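A closer look at the structure
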Amino acid sequence: MTSIPVTGFLYHSDEDNSEHSHNLYITSWDGRPVHTHEFRGVTSFDVGHDHRYAGTTEPAPSGVQHTHRYWTFTSFDEQHRHEIRGVTGPAIFLPEGGHYHEFSGVTTVDGATPHRHKYSGRTSL
């Protein structure tokens with residue numbers, strides 16, 4: 001088994017309720033700083049409507065080939081919303097520096113008339 005050094009910090013919420021959560025923020029992976037990308041778009045038009053979505057990918061190491069996991073919910077339209085979840089494609093490096101990722105998939109099924117939507121796009125740089 002190979003060990004990969006990871007650094008980061010754990011954040012605890014002090015909200016006044018019986019449940020609480022901890023968030024782990026990774027700051028480096030195998031000695032490399034991590035980064036995230038924003039993503040957003042509009043789903044396909046199905047069953048008379050579409051949905052908007054936006055989110056931030058999970059962190060991944062910088063300076064090496066990588067992908068990012070992503071997850072979000074769509075906007076609430078026609079009395080329902082859908083979940084979007086997946087893994088981006090590999091980094092597409094730009095000649096002037098930076099990179100982006102392509103992503104695509106289908107949403108979860110929901111709605112009074114059960115259906116799903118397609119989505120696709122590119123992350124921010």
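Not measured: the values here are computed from a predicted model. (Residues numbered from 1 in each chain as written. Predicted model: local features only at pLDDT ≥ 70, side-chain atom pairs only at ≥ 80, totals over all residues. Heavy atoms only, no water.)

Our focus in this paragraph is the overall build of the chain. Helices and strands together make up the secondary structure of the chain, namely zero helices and 12 strands. In the chain, which comprises 125 residues, the share counted as buried stands at 28%. Here the analysis covers contacts within the chain between residues at least 6 apart in sequence; of these, 41% occur between residues at least 24 apart. Carbon together with sulfur atoms contributes 52% to the accessible area of the chain, which is approximately 8400 Å² in total. (Helix = DSSP H or I, 4+ residues; strand = E, 2+ residues; numbered from the N terminus. Buried < 20%, exposed > 50% of the residue type's maximum accessible area, 1.4 Å probe, protein only. Contact = heavy atoms within 4.5 Å. Areas by Shrake-Rupley, 256 points an atom, 1.4 Å probe, with all protein chains shown as cover.)

Right, let's talk about the packing of aromatic side chains for a bit. One pass over the structure, following the stated rule, counts eight aromatic pairs. Taken together, a centroid distance of 5.8 Å and an interplanar angle of 65 degrees make the contact between Tyr-53 and Tyr-119 edge-to-face. On the criterion of sequence distance, the pair formed by Tyr-53 in strand β5 (residues 52-56) and Tyr-119 in strand β12 (residues 118-122) is long-range, its members being 66 residues apart. Its relative accessible area of 4% is what places Tyr-53 among the buried residues. On the basis of relative accessible area, Tyr-119 is assigned to the buried category, the value being 3%. For the ring pair Tyr-70 and Tyr-119, a centre distance of 6.3 Å and an interplane angle of 90 degrees mean the geometry is edge-to-face. Here the residue Tyr-70 occupies a position in strand β7 (residues 69-73), and Tyr-119 occupies one in strand β12, the gap between them amounting to 49 residues. For Arg-81, the ring lying beneath its charged end belongs to Phe-73, and the centroid distance is 3.7 Å. (Phe/Tyr/Trp six-rings, centres within 6.5 Å; stacked < 30°, edge-to-face > 60°. Lys NZ or Arg CZ within 6 Å of the ring centre and 35° of its normal.)

Per the counting criterion, the structure on display carries five salt bridges. Two residues, Asp-50 and Arg-52, come together in a salt bridge whose shortest N-O distance is 3.0 Å. Note on Asp-50: relative accessible area 24%, which makes it partly exposed. Looking at Arg-52, the relative accessible area reads 48%, which means it is partly exposed. Among the salt bridges present, the one from Arg-122 reaches Glu-102, with a minimum N-O distance of 3.8 Å. Taken as a pair, Arg-122 in strand β12 and Glu-102 in strand β11 (residues 102-106) lie far apart in primary sequence, 20 residues in all. For Glu-102, a relative accessible area of 39% gives the class partly exposed. (Salt bridge = Lys/Arg side-chain N within 4 Å of Asp/Glu carboxyl O.)

This part covers unusual backbone geometry. Phi at Glu-78 takes a positive value of approximately 55 degrees, unusual for a residue other than glycine. Counting through the fold element by element, Glu-78 comes out in the loop between β7 and β8 (83-87). If you check the backbone angles, Gln-79 has positive phi at about 65 degrees while not being a glycine. For Gln-79, a relative accessible area of 68% translates into the label exposed.

Together, Ile-4, Val-6 and Trp-29 make up a nonpolar patch on the protein surface, roughly 250 Å² of accessible area in all. The class of Trp-29 is partly exposed, set by a relative accessible area of 35%. (Patch = residues over 30% accessible without salt bridge, like charges linked within 9 Å, V, L, I, M, F, W, Y side chains within 5 Å.)

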